[in-house]
Amino acid sequence: MQDPTIDILKRNNLSVTEGRRNILQLFLNHNASALRHSDIESSLHGLDRVTIYRTLQAFTEKGIIHSIPGSDGAARYALCKGGCEQGHHHDDHVHFVCVRCGSTQCLDDVHVPYVRMPEGFEATKVEMVVSGICSKCRK
Ligand SMILES: [Zn+2]
Ligand SMILES: [Zn+2]
Ligand SMILES: [Zn+2]
């Protein structure tokens, strides 16, 4: 079987590089929680900040990952679960930040509620981040 990272890169017309494969693999390994730029930097030694930044940007543009706003100003990134394509994301799920372990998770089955806009406004993106205690920390 071919390495899934090669498959995903090829499918998205991205050239296969060691750095991209390693970052993608990290996301595949961290399916349960989102990653910060700094998490990637500390997990993958030898990759410089600019390469990581550009890779995250390219993956976001291609619909491979989506960004999640963080309360500390640092964005989190998580794999898209299908349905996303270049320039079009459909990640209309709620994100959860655990105040104990600090993890950010995609709640894929919890949809962001409809937000009614006032006259003359058009919403193009609605994000919802809920904080609390995650199921692992409650045990
Ligand atoms: Zn997406
Ligand atoms: Zn937790
Ligand atoms: Zn998500």
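In this convention, every chain numbers its residues from 1, walking through the sequence in written order. Starting at A for chains and at 1 for ligands, labels are handed out in the order in which the entities are written. Thresholds applied to this predicted model are a pLDDT of at least 70 for local features of residues and 80 or more for the giving and counting of side-chain atom pairs; totals over whole chains, interfaces and linings are not thresholded and use all residues. Note: side-chain values were computed over all heavy atoms of the structure, leaving out hydrogens and water.

Enquirer: I keep staring at the overall build of the protein chain and nothing clicks. Help me out?
Expert: Comment: elements are numbered from the N terminus, with helices defined as DSSP H or I runs of at least four residues and strands as E runs of at least two. For the protein chain, the count of helices and strands is five helices and six strands. Counting from the amino terminus, helix and strand elements in the protein chain follow one another as α-α-β-α-α-β-β-β-β-β-α. Note that the radius of gyration is over C-alpha atoms, with the globule rule given as 2.2 Å times the number of residues to the power 0.38. Its C-alpha atoms give the protein chain a radius of gyration of 16 Å, within 12% of the compact-globule value 14 Å for 139 residues. Summarising its shape, the C-alpha atoms of the protein chain cover approximately 45 × 40 × 30 Å along the three principal directions. The buried share of the protein chain, reckoned over its 139 residues, is 35%. The contacts in the protein chain between residues at least 6 apart in sequence include a share of 48% that link residues at least 24 apart. Summed over all atoms, the accessible surface of the protein chain reaches about 9100 Å², with 49% contributed by carbon and sulfur. Separation of charge centres in the protein chain, based on 16 positive and 16 negative side chains, amounts to 6 Å. Burial here depends on accessible area, computed with a 1.4 Å probe over protein chains only, as a share of the maximum for the residue type. Under 20% is buried, over 50% is exposed, and the range in between is partly exposed. Contact definition: two residues touch when any of their heavy atoms are within 4.5 Å. Method for areas: the Shrake-Rupley scheme with a 1.4 Å probe, in which residue coverage is limited to the protein chains shown. Only four residue types enter the tally: Lys and Arg on the positive side, Asp and Glu on the negative side; His and the chain ends are excluded. For the purpose of locating charges, the reference atoms are NZ of Lys, CZ of Arg, CG of Asp and CD of Glu.

Enquirer: Where do I start with the coordination of the zinc ion (ligand 2) in this structure?
Expert: Geometry reference: four tetrahedral donors at a metal, ideal angle 109.5 degrees. Six octahedral donors, ideal angles 90 or 180 degrees. Taken together, Cys98 (SG), Cys101 (SG), Cys134 (SG) and Cys137 (SG) make up the full set of protein donors to the zinc ion (ligand 2), lying 2.3 to 2.4 Å away. Taken together, the four donor atoms coordinating the zinc ion (ligand 2) span angles of 104 to 118 degrees at the metal, a pattern that classifies the geometry as tetrahedral. Motif for the zinc ion (ligand 2), donor spacing along one chain: C-x2-C-x32-C-x2-C. Atoms are scored as donors when they are N, O or S and lie within 2.8 Å of the metal, with 3.2 Å used for Na, K and Ca; no water is included, so coordination may look incomplete. A site with four donors is called tetrahedral when every donor-metal-donor angle falls between 85 and 135 degrees; four donors are called square planar, and six octahedral, when opposite donors sit more than 155 degrees apart and all other angles fall between 65 and 115; any other arrangement is irregular.

Enquirer: Got a minute to help me understand helix H2 (residues 18-29) in this structure?
Expert: Along an α-helix, residues three or four apart share an orientation, since each turn contains 3.6 residues. Multiply 1.5 Å by the residue count of a helix minus one, and that product is the helix's expected span. Its twelve residues place the ends of H2 16 Å apart at the C-alpha level, agreeing with the 16 Å of an ideal helix rising 1.5 Å per residue. Every buried residue of H2 is accounted for by Gly19, Arg20, Ile23, Leu24, Leu26 and Phe27. Down the axis of H2, the smallest arc covering the buried residues is 150 degrees, so these residues share one side. In H2, the exposed positions angled more than 90 degrees off the buried face are occupied by Glu18 and Asn29. Where H2 is buried, its residues meet helix H1 (4-11), strand S1 (35-36), helix H3 (37-43), helix H4 (49-62), strand S2 (65-68) and strand S3 (76-79). Our arc is simply the arc of the directions from the helix axis toward the C-beta atoms.

Enquirer: So what exactly am I meant to see when it comes to the side chain of Asp91 here?
Expert: Considering the arrangement of structural elements, one finds Asp91 in the loop between S3 and strand S4 (93-98). The salt bridge criterion pairs a side-chain nitrogen of Lys or Arg with a carboxyl oxygen of Asp or Glu, the two atoms within 4 Å. Among buried Asp, Glu, Lys and Arg side chains, Asp91 stands out as unpaired, with Lys81 the closest opposite charge at 8.0 Å. Under this definition, polar contacts are N or O atom pairs within 3.5 Å; protein pairs additionally need one hydrogen-donor-capable and one acceptor-capable atom, and for neighbouring residues in sequence, both atoms have to be side-chain atoms. Of note is the side chain of Asp91, whose polar atom sits 3.0 Å from the side chain of His89. Sequence-distant contacts of Asp91, defined by excluding residues within four places in its chain, comprise His66, Cys80 and Cys84.

Enquirer: Is there a simple way to think about the sheet that holds S4 in this case?
Expert: For sheets, the rule is that strands pair by backbone hydrogen bonds, running either parallel or antiparallel. At least two DSSP bridges between two strands are required for those strands to pair. Judged by pairing direction, the sheet is mixed, and its three strands sit side by side in the order S5-S4-S6 without closing on themselves. Unpaired on one side and paired on the other, strand S5 (104-111) and strand S6 (129-132) mark the two borders of the sheet. Sheet twist, expressed as the average angle between the axes of neighbouring strands with direction ignored, equals 30 degrees. Relative to S6, S4 is paired through four bridges, and the arrangement is parallel. Directly across from Val97, in S6, lies its bridge partner Ser131. Working convention: axes come from line fits to C-alpha atoms, limited for helices to the stretch in contact. Angles between N-to-C directions cover 0 to 180 degrees.

Enquirer: Help me understand the nonpolar core, please; the structure alone is not making it clear to me.
Expert: Within soluble globular proteins, side chains that are nonpolar generally end up buried alongside one another. Joining through side-chain atoms within 4.5 Å is the link that ties buried Ala, Val, Leu, Ile, Met, Phe, Trp, Tyr and Cys residues into a set, and such a set is a nonpolar core. Core analysis: the largest hydrophobic core is formed by 19 residues, its most contacted members being Ile23, Phe27, Ile40, Phe59, Ile64 and Ile65. Those elements giving two or more residues to this core turn out to be H1, H2, H4 and S3. Ignoring anything within four residues of it in the chain, the contact list for Phe59 reads Leu9, Leu14, Arg20, Ile23, Leu24, Ile64 and Ile65.

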